[in-house]
Each structure stands twice: as structure tokens, then as C-alpha cells.
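# Residue-level structural notes
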Amino acid sequence: MKKLINRSSFLALFFALAVAGQSWSQQTMTVMEVDTRPYQEVIDEVYEKIKDMPGGKNADYIPELALVDSTIFGIALITVDGDIYTAGDLDDRVSIQSISKVFTLAQVIEEQGARSIMDKIGVDATGLKFNSIIAIELKQGKEINPLVNPGAIAATSLIAGNNYEEKWKNITTTYNKFAGTELFVNEPVYKSEAATNQRNQAIAYLLDAYGRMYYDPAEATDIYTKQCAINVNTKELAAMASTLANGGINPLTKEKVVSPETVAFTLSVMATAGLYDNSGQWLYATGLPGKSGVGGGIIAVDPGKYGIAVIGPKLDEAGNSVKAQYAIYEIVKALDGNPYEITPVK
Ligand SMILES: NC(=O)CC[C@H](N)C(=O)O
């Protein structure tokens, strides 16, 4: 089992367990019968079950991420009523990384409308790794999706603002509203990635060559790198997810951050590409839009109910946190949260 987790995504394990037969299906049925269980009880149980799970390793292509304490493990669920349920390491912060893409995307949709993203970036999954250059070449800069690097850097380039400072201010203001608190950049992570992000710079310039970059490629890449280095703890991340679950109003501060229409488009893109090239497998397992980051965080959103965030820095080969995927899968299952799992009318 350990080998499976190390070799591929958690879904390989999921399917191995599913075909293992009786004990798994009995467990599934038990869980389905108790869908009214208190959130805290479910979270405590999942925390205990997953906390010592082996497998994965810290991202190391950004040197500073290799140094992050890989044992950090925290879970938070925030309902649309503002109730907070947590377990594990709540004070530790990791860089938000690719989860940031969701909130930049939401802000661009809010500013320019959903059509602009369709026309200027694209919303179909690339089916390739999150920093794939081939994906750009294949479609000549079109259909690159705002939740993988090329589309995300393009989205950052579309953010309103006449210069670097104005765009950065716009981004941090949006993120702070989503989190309901002031967030700060992890400077060592920012510097570490800025010194090693030649690949993302190449992506930005290639898009520029195809006329699909909407601001200076070097500055857009730098702003993107900095947005990825924003530090979050589990609760802050869950607050951001719960704002999406609540149609764009932060359930803790009650502030309107974006419109319900913007949220609907954003969640749809999360469903197509939130976990990179494993997004289909993720949706197949949980039924919920999610987004991961190489810092080790994953968020999932059950629209109209709650947002979940889990942090665990060890990643699988696709770049998704092993523990966070598993924990969210278990929580969603226990809460009967997969909207595609329907109890038939008899
Ligand atoms: N998947 C990720 O979280 C990647 C984000 C990271 N900042 C990068 O651009 O490579």
C-alpha cells in the first residue's frame, strides 16, 4: 500500500481499496447511513485516520519548499453560516501556491466578465502537467486554462491596474477579503521561486509571442510568483474556500467579495482543472470542485454548504498533497457531500 501511494496519486489507492471488496463497501455504506454526523466528529476521525499516512514528498523544484516541515497537517471546514471546525496544526502557514490561481481568476471574472476568460485564456483542461510548455504549443496559446501556469500567468496579466503596484494591491485586497484577514507574503519562498522561475518566464514570453499575454511578461510572471508565495494557515484557506461556497460573501466577515455569477464560473474551472492533470480522477472520487498548490494545501468547495482546506506538504507526482487529497476524500464521503451521489426516489 505504501508503494502505491509513493508511486502514483492517492486515487490509485482509492481504486485498489474499492476493488478490495467487502470491507471497503461496508465502510462506504456505514458512512452513507450516518450523513447527519456532526462536522467536528468527522474531522477528528479523519484527522486521526490520515495523520500518520506515509507517501509523497515536499516539492523541491522551488528550493525553499523542500525545507518546509513535512509533518504539518491541519484540517479546517467553515460552513456558509460561519461555523468553524478544525483539527491538527492550525498555526503553521505554508505558501498558497497554485490555490492563488482561483482567487486571481475570480477577480478577473468579476472585473471583465466570464466571456473575457473564454476568449483570452480558455477554460478547457490541458490534460498536461501544470507548467507544461507543450500545452501552449499544441494550441498556439489558446485553451490554456486559468488554473495551470500559462493561463494563471495570463490571468494575473489581466488583473486591473495600470502598473505593477496597482495590480499587486488589487490582488492582495481581493485575497484578504476572501480570507477575512490580512495575508502576508512568505519572503523566503518568493525570493527562492523568483530566482528559479525561468520556466514560468519562458511560458509568459511564449504566450506573449502568441499574443495571449496582456501585460509585460516579466512583470506579470513576478506578480504571479509573489501571489503564489502568500502565506496561509488552514483556517485562512478554509475561509477563502467558504467564501466560494457562500456565493462570494465571506461567511466570517459577511463582506461581499465577488458576485454569485463569478463564483459559479470559478467553481466550474476548478472542476475541470483544479488538480491539474488528475482533475478528472479527483472529481470522480469527490464530486466537488477543488484546487491544490505545491505548498501542500488543497481546498474543496461544497456549494451552499461549506469550504474545506487541508494542509500537508508531501505531494504525489502530479503535485497534489497526498494527505490533503485523502483527508478531503474521507470528509466528503463521511458527510455524504458528493452531489452526484443521489439517493433514488422509490
Ligand atoms: N502547482 C503549483 O502550485 C505551482 C505554483 C508555483 N508557483 C509554480 O508556478 O510553479
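Note that residues are indexed from 1 along each chain, following the sequence as it is written. Per-residue local features of the predicted model are confined to residues with pLDDT of at least 70, and side-chain atom pairs are confined, for both listing and counting, to 80 or more; whole-chain, interface and lining totals are unaffected and use all residues.

### Digging into the UniProt feature "binding site: substrate" (unreviewed entry) in the protein
UniProt positions are given in the numbering used here, feature names are shortened, and annotations may be inferred rather than shown by experiment. According to UniProt, the feature "binding site: substrate" (unreviewed entry) maps to S98, N149, E193, N200, Y224, Y276 and V294 in the numbering used here. Here S98 shows up in the loop between β3 (94-95) and α5 (100-112). What makes S98 buried here is the crowd of 26 C-beta atoms within 10 Å. Residue pairs qualify as contacts under a 7 Å threshold applied to their C-beta atoms, which are placed from the backbone. Those residues in contact with S98 that lie beyond four places of it in its chain are F130, C228, K291, S292, G293 and V294. The numbering of helices and of strands both runs from the N terminus, where a helix is a DSSP run of H or I of at least 4 residues and a strand a run of E of at least 2. Mapping Y276 onto the fold places it in the loop between α14 (260-273) and α15 (279-286). According to the C-beta neighbour criterion, Y276 is buried, with 26 such atoms within 10 Å. When sequence neighbours within four positions are dropped, the list of residues in contact with Y276 reads K129, F130, V148, A318 and G319. In this scheme the burial state of a residue depends on its C-beta neighbours within 10 Å: 20 or more other such atoms mean buried, 12 or fewer mean exposed, and anything in between means partly exposed; the C-beta positions come from the backbone.

### Overview of helix α12 (residues 217-228)
In an α-helix, one turn spans 3.6 residues, which is why side chains three or four residues apart end up on the same side. Working rule for helices: expected span equals 1.5 Å times residues minus one. Relative to the 16 Å expected for twelve residues at 1.5 Å per residue, α12 spans 16 Å between its end C-alpha atoms, a close match to the ideal helical length. The element α12 is extensively covered by neighbouring structure, given that ten of its twelve residues are classed as buried. Here α12 has its buried residues at P217, A220, T221, D222, I223, Y224, T225, K226, Q227 and C228. On its buried face, α12 sits against β3, α5, α8 (149-158), α9 (164-179), α10 (187-194) and α11 (198-209).

### So, the environment of A324
Residue position: A324 is located in helix α16 (residues 322-334). What makes A324 buried here is the crowd of 32 C-beta atoms within 10 Å. Measuring from C-alpha to C-alpha, the distance between A324 and V345 comes to 34 Å, with 21 residues separating the pair along the chain. Ignoring sequence-local partners within four residues, the contact set of A324 consists of G296, G297, I298, V310, I311 and G312.

### Some details on the site of the ligand
Taken together, the residues surrounding the ligand are Q97, S98, F130, N131, N149, E193, N200, C228, G293, V294 and G319. Looking at the shell around the ligand, its residues break down into three nonpolar, seven polar and one charged. Nearness rests on one distance test: the residue's C-beta atom, set from the backbone, must lie within 6 Å of the molecule or strand. Amino acids are sorted into nonpolar (Ala, Val, Leu, Ile, Met, Phe, Trp, Tyr, Cys and Pro), charged (Asp, Glu, Lys and Arg) and polar (every other residue, Gly among them).

### A short note on unusual backbone geometry
Backbone geometry places Q140, a non-glycine residue, at a positive phi of 50°. Tracing the sequence through the fold places Q140 in the loop between α7 (134-138) and α8.

### Here's the deal with the nonpolar core
A set of buried residues qualifies as a nonpolar core if it consists of Ala, Val, Leu, Ile, Met, Phe, Trp, Tyr and Cys joined through C-beta atoms within 7 Å. In terms of nonpolar packing, the biggest core is built from 101 residues, with A241, I299, I308, I328 and I331 touching the most fellow members. A total of nine residues in this core trace back to one element, the largest contributor, which is α16. Ignoring any residue separated from it by four or fewer positions in sequence, one finds I308 in contact with L77, A238, A241, I299, A300, I328 and I331.

### Here we look at the pairing of strand β6 (residues 297-302)
With six of six residues buried, β6 lies mostly within the body of the structure. Side-chain alternation along β6 places G297, I299 and V301 on one buried face and I298, A300 and D302 on a second face that is also buried. Two strands are counted as paired when DSSP detects at least two bridges linking them. In this structure, strand β5 (residues 290-292) lies alongside β6, joined through three bridges in antiparallel fashion. Of the residues in β6, the one forming a bridge with K291 is I299. Where β5 folds back onto β6 in an antiparallel hairpin, the turn is made up of four residues, including G296, whose phi is positive at roughly 115°. In this structure, β6 lies alongside strand β7 (residues 306-311), joined through six bridges in antiparallel fashion. By the bridge assignment for β7, I298 is matched with V310.

### Side note on the packing of α5 against α9
Every axis corresponds to a line fitted to the C-alpha atoms, with the helix fit spanning only the stretch in contact, and the corresponding angles, defined between N-to-C directions, vary from 0 to 180 degrees. For the pair α5 and α9, the least separation of the axes is 10 Å and the interaxial angle reads 110°. With respect to their mutual orientation, α5 and α9 come out roughly perpendicular. Here α5 contributes F103, T104 and Q107 to the contact with α9, which in turn contributes N170, I171, T174, Y175 and F178. Classifying every residue of the contact of α5 with α9 by side-chain character gives four nonpolar, four polar and no charged. For classification, angles of less than 35 degrees are called roughly parallel, those exceeding 145 degrees roughly antiparallel, those between 65 and 115 degrees roughly perpendicular, and all remaining angles oblique.

### A look at the environment of D52
Note on placement: D52 falls in the loop between α4 (39-50) and β1 (74-79). The class for D52 is exposed, based on 9 C-beta atoms found within 10 Å. Taking the C-alpha atoms as reference points, D52 and Y306, separated by 254 residues in sequence, lie 26 Å from one another.

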